[in-house]
Amino acid sequence: MKKGLFITFEGADGCGKTTQLNLLKEYLEQKGYDVVLTREPGAKGLGVKIREILLNYNGEVSNRCESFLFLADRAQNIDVIVNPAIEEGKIVLCDRHTDSSVAYQGYGRGLDIEQIKTLNNLATGGKTPDLTLVFDVDIETSMKRVGNEKDRMESAGTEFFNRVRNGYLEIAKQEPGRIKVIDSTKSIEDVQTQVLNVIEQILK
Ligand code: TYD
């Protein structure tokens, strides 16, 4: 039976994970792997509609409503994109997933972390990533990368950013087998080397 791989990319805003995700896709394809890219929120179809609300809606959004919208998009992503690709033996690279809810809605917004984990489990049907890369950056590096055009989540401020960042580091400590922290303050080349070191291990 063919065996797919599910790898998620996580980190605070401006951590550079999307650049690395695209570089890894190229690298894996050159090695002959079949790669599928997806993201949360909003990879395609209905997910794109949910993404528009989450990132651009100007009115009041309650923290719990925000959580459920991310979760709804997650369920759609798993059912429609991730699971079918894994079953075909492909490598799925997913830009943000369950750990984003724990870091942003849990550590960032202050919702109950155990409840979020339970809800994540419902949204994914119990599927967990084979590997998660957390791209760690400080606020100064992040602000330079994000620039002046900020979306609703990116406008949440310095304290929020630090809660999210520390949340990710905490999650990584709790699950050292699945989650690897990448020092993402370094150059693109240096960060890619760190990523490939981890990837080579899992491909063995
Ligand atoms: P996006 O433009 O995809 O940002 P990035 O390039 O940094 O991934 O916007 C996604 C935003 O949504 C980002 O600020 C993180 C946030 N988010 C959550 O708060 N919870 C979640 O569960 C997910 C998936 C994303």
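Residues numbered from 1 in each chain as written. Predicted model: local features only at pLDDT ≥ 70, side-chain atom pairs only at ≥ 80, totals over all residues. Heavy atoms only, no water.

A.B. asks: What is the right way to look at the packing of aromatic side chains in this model?
C.D. replies: Pairs of aromatic rings are described using the distance from one ring centre to the other and the angle between the two planes. This model, assessed by the stated rule, comprises three aromatic pairs. Arranged with centres 6.4 Å apart and planes meeting at 80°, the rings of Tyr104 and Tyr168 form a pair that is edge-to-face. Of this pair, Tyr104 sits in helix α4 (residues 98-108) while Tyr168 sits in helix α7 (residues 158-174), and the two are 64 residues apart along the sequence. Neither residue differs from the other here; Tyr104 and Tyr168 are each classed as buried. (Phe/Tyr/Trp six-rings, centres within 6.5 Å; stacked < 30°, edge-to-face > 60°. Helix = DSSP H or I, 4+ residues; strand = E, 2+ residues; numbered from the N terminus. Buried < 20%, exposed > 50% of the residue type's maximum accessible area, 1.4 Å probe, protein only.)

A.B. asks: Help me understand helix α5 (residues 113-124), please; the structure alone is not making it clear to me.
C.D. replies: Given 3.6 residues per turn, any residue in an α-helix points the same way as the ones three and four places further on. Counted at 1.5 Å a residue, the expected span for α5 with its 12 residues is 16 Å, and the 16 Å between its end C-alpha atoms agrees. Three or more residues of α5 are buried, namely Ile116, Asn120, Ala123 and Thr124. For α5, the arc enclosing every buried residue in end-on projection is 85°, short of the 170-degree limit, so these residues lie on one face. For α5, the exposed residues set more than 90 degrees away from the buried face come down to Glu114, Gln115, Thr118 and Leu122. Each element contacted by the buried residues of α5 is listed here: α3 (63-87) and α4. Positive phi appears at Gly125, one or two residues downstream of α5, with a value of about 65°. (Expected span 1.5 Å × (residues − 1). Arc of directions from axis to C-beta. Contact = heavy atoms within 4.5 Å.)

A.B. asks: Is there a simple way to think about the site of the ligand in this case?
C.D. replies: Close to the ligand lie 15 residues; Asp13, Lys17, Arg51, Arg96 and Gln105 are nearest. The side chain of Ser101 places a nitrogen or oxygen atom 3.0 Å from an oxygen atom of the ligand. Here the ligand has 550 Å² of accessible area as a free molecule, and 90% of this is covered by the chains. For the shell around the ligand, the elements supplying multiple residues, two or more each, are α2 (46-56), α3 and α4. (Near = heavy atom within 4 Å. Polar contact = N/O pair within 3.5 Å; in protein donor to acceptor, adjacent residues only side chain to side chain. Areas by Shrake-Rupley, 256 points an atom, 1.4 Å probe, with all protein chains shown as cover.)

A.B. asks: Got a minute to help me understand the side chain of Arg178 in this structure?
C.D. replies: For Arg178, the position within the fold is in the loop between α7 and β5 (179-183). Among the polar contacts made by the side chain of Arg178, one reaches the side chain of Thr132 at a distance of 2.7 Å. With residues near it in sequence (within four places) discarded, Arg178 still touches Asp99, Pro129, Leu131 and Thr132.

A.B. asks: Would you mind showing me how to read the nonpolar core here?
C.D. replies: Nonpolar side chains in soluble globular proteins tend to end up buried together. In terms of nonpolar packing, the biggest core is built from 40 residues, with Leu24 and Leu93 touching the most fellow members. Among the nonpolar cores identified, the runner-up in size contains nine residues, and Val36, Ile78, Ile81 and Val82 belong to it. (Core = buried A, V, L, I, M, F, W, Y, C linked by side-chain atoms within 4.5 Å.)

A.B. asks: Looking at this structure, how should I read the pattern of salt bridges?
C.D. replies: Under the defined criterion, the tally for this structure stands at 14 salt bridges. One salt bridge connects Asp95 with Lys17, and the closest N-O pair in it is separated by 2.6 Å. With Asp95 in strand β3 (residues 91-95) and Lys17 in helix α1 (residues 17-30), the pair connects residues that are 78 residues apart, well separated along the chain. The class of Asp95 is buried, set by a relative accessible area of 9%. On the accessibility criterion, Lys17 (8% relative accessible area) is buried. For the salt bridge of Arg178 with Glu175, the shortest nitrogen-to-oxygen distance reads 3.0 Å. With a relative accessible area of 33%, Glu175 lands in the partly exposed category. Members of the salt-bridge network, linked through shared partners, are Glu66, Arg109 and Arg152. (Salt bridge = Lys/Arg side-chain N within 4 Å of Asp/Glu carboxyl O.)

That is the geometry; function is a separate question.
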